[in-house]
Amino acid sequence: MKKHNFSAGPAILPREVIEGAAKAVLELDNTGLSLIEISHRSSEFKAIMEEACLLSIKLLGLEKKGYKAIFLQGGASLQFLMTAYNLLENKAGYINSGTWSTKAIKEAKIIGEVIELASSKDQNFNYIPKGFEIPNDIDYLHLTTNNTIFGTQYKSLPDTEVPLVADMSSDIFSRSFDYSKLDMFYAGAQKNMGPSGVTLVIIKESSLNKVNRVIPSMLNYEVQAKAESMFNTPPVFPVYTVLLNLRWISNNGGLEGVEAQNDKKAALIYNEIDRNPLFEGFAHLDDRSNMNATFNLTDDKQAGVFDSLWNQANISGLKGHRSVGGYRASIYNALPIESVQVLVDCMKEFEKKA
Ligand SMILES: *Cc1c(COP(=O)(O)O)cnc(C)c1O
């Protein structure tokens, strides 16, 4: 029986996307060949890459706004380095809102001067830092729009003239948003976009070729953009699966459509966390993530009872990250609201039993 998959990543994908990907592995569109045995230079695969780039830009509302979509390897983690390599000339500002931001800062420091403008480390990253000064002489300000581990999310971007760069690994394509406020953003596919093995980078064409240093070809956005994401052999399977998922989003009302669903799911789980005296939310109310809901038991000694309830209900992937403890319900685009209801029913049942 199919489980209710609350995994933080690699994470749930729509059933029809997984079926389409499986079918293409056997045979791609009557070509007599498998998706994973054709040349990436074939007309079939070129069309797949082109559509994936185009549809990304279109869904994000960035058509005719001078942005380029590139599919790369190395995960979001390599982007921590590449952003600085390509964009940091003098100094950059970073907001530290969690584990991934901390890692981004560490990598950027290899390249140049990094100023940590704000941090929520003082409260184990349970809020989004606000109200700090942004110097106007930094090359860019880097932030993590959704903190997958701690369950916090920016509801709006800082108001500033400096270029904004964002790690959107766990909330890209989850909501309508003015993406054109960002000069560059990136996302590892395996949270809300597709299987692991590919990373989407969206960058303003005017941000290419920004710095004077020599950049190794594989790490150079301009080289990768000019080669249309085919400087070397791209990961054909993840790119194709991402494309199927983008089509699924498109057919489900685009970002407005998935956002409306995501809002309903988030309201359902957070209402129960707040109503049920046996649970407490981890993140500050204003900063709660619509993708990863983090919560703890008010009495840890009852964990065995709750754990056996959700295990029996066929729920998977609910354990919190070790740095937060408790539970994390990742409710990405593909998770049906019925699965959230099953979890909420377990929470209510727990209240009766405990
Ligand atoms: C998972 C995650 C990463 C790391 O992604 P990799 O593709 O494994 O390198 C970075 N940032 C955020 C916000 C994430 O959720």
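Parameters and conventions
Residues numbered from 1 in each chain as written. Predicted model: local features only at pLDDT ≥ 70, side-chain atom pairs only at ≥ 80, totals over all residues. Heavy atoms only, no water. Helix = DSSP H or I, 4+ residues; strand = E, 2+ residues; numbered from the N terminus. Expected span 1.5 Å × (residues − 1). Buried < 20%, exposed > 50% of the residue type's maximum accessible area, 1.4 Å probe, protein only. Arc of directions from axis to C-beta. Contact = heavy atoms within 4.5 Å. Phe/Tyr/Trp six-rings, centres within 6.5 Å; stacked < 30°, edge-to-face > 60°. Pairing = 2+ DSSP bridges. Domains from an automatic or database assignment. Buried area = accessible area lost by both parts, 1.4 Å probe. Salt bridge = Lys/Arg side-chain N within 4 Å of Asp/Glu carboxyl O. Polar contact = N/O pair within 3.5 Å; in protein donor to acceptor, adjacent residues only side chain to side chain.

Right, let's get into helix α7 (residues 254-275). Between its first and last C-alpha atoms α7 spans 32 Å; for 22 residues at 1.5 Å apiece the expected length is 32 Å, and the two agree. Looking only at α7, the buried set comprises G254, L255, V258, E259, N262, K265, A266, I269, Y270, E272 and I273. The buried residues of α7 occupy an angular sector of 165 degrees when the element is viewed end-on, so they sit on one face. Relative to its buried face, α7 has exposed residues pointing more than 90 degrees away, namely E256, K264 and N271. For α7, the elements touching its buried residues are α2 (43-59), α6 (236-251), β11 (279-281), β12 (292-297) and α9 (337-353).

Going through the model one piece at a time under the given rule, you end up with 13 aromatic pairs. An aromatic cluster is present here, built from F279, F295, F306, W310, Y327 and F350 joined pairwise through their rings.

The buried count for strand β10 (residues 199-204) comes to 5 of 6 residues, which makes it a mostly enclosed element. Alignment of strand β2 (residues 67-72) against β10, held across 6 bridges, turns out to be antiparallel. Bridge pairing links Y67 to K204 in β10. Both strand β9 (residues 184-188) and β10 contribute to a ladder of 5 bridges, which runs antiparallel. Each residue of the ladder has a partner; that of F185, found in β10, is I202.

With that out of the way, let us pick up the domain arrangement of the protein chain. Segmentation of the protein chain into domains returns domain 1 (15-251) and domain 2 (254-353). Distance between the C-alpha centres of domain 1 and domain 2: 27 Å. Each side of the interface is counted separately: domain 1 has 29 residues, and domain 2 has 25 residues. Taking both partners together, domain 1 and domain 2 bury about 2200 Å²; carbon and sulfur atoms supply 52% of that area. Where domain 1 packs against domain 2, one counts 1 salt bridge. In this structure, the salt-bridge partner of K130 is D287, at a minimum N-O distance of 2.8 Å. Where domain 1 touches domain 2, the interface holds 17 residue pairs in polar contact (both at pLDDT 80 or more). Elements with a contribution of two residues or more to the side of domain 1 that touches domain 2: β7 (152-153) and α6.

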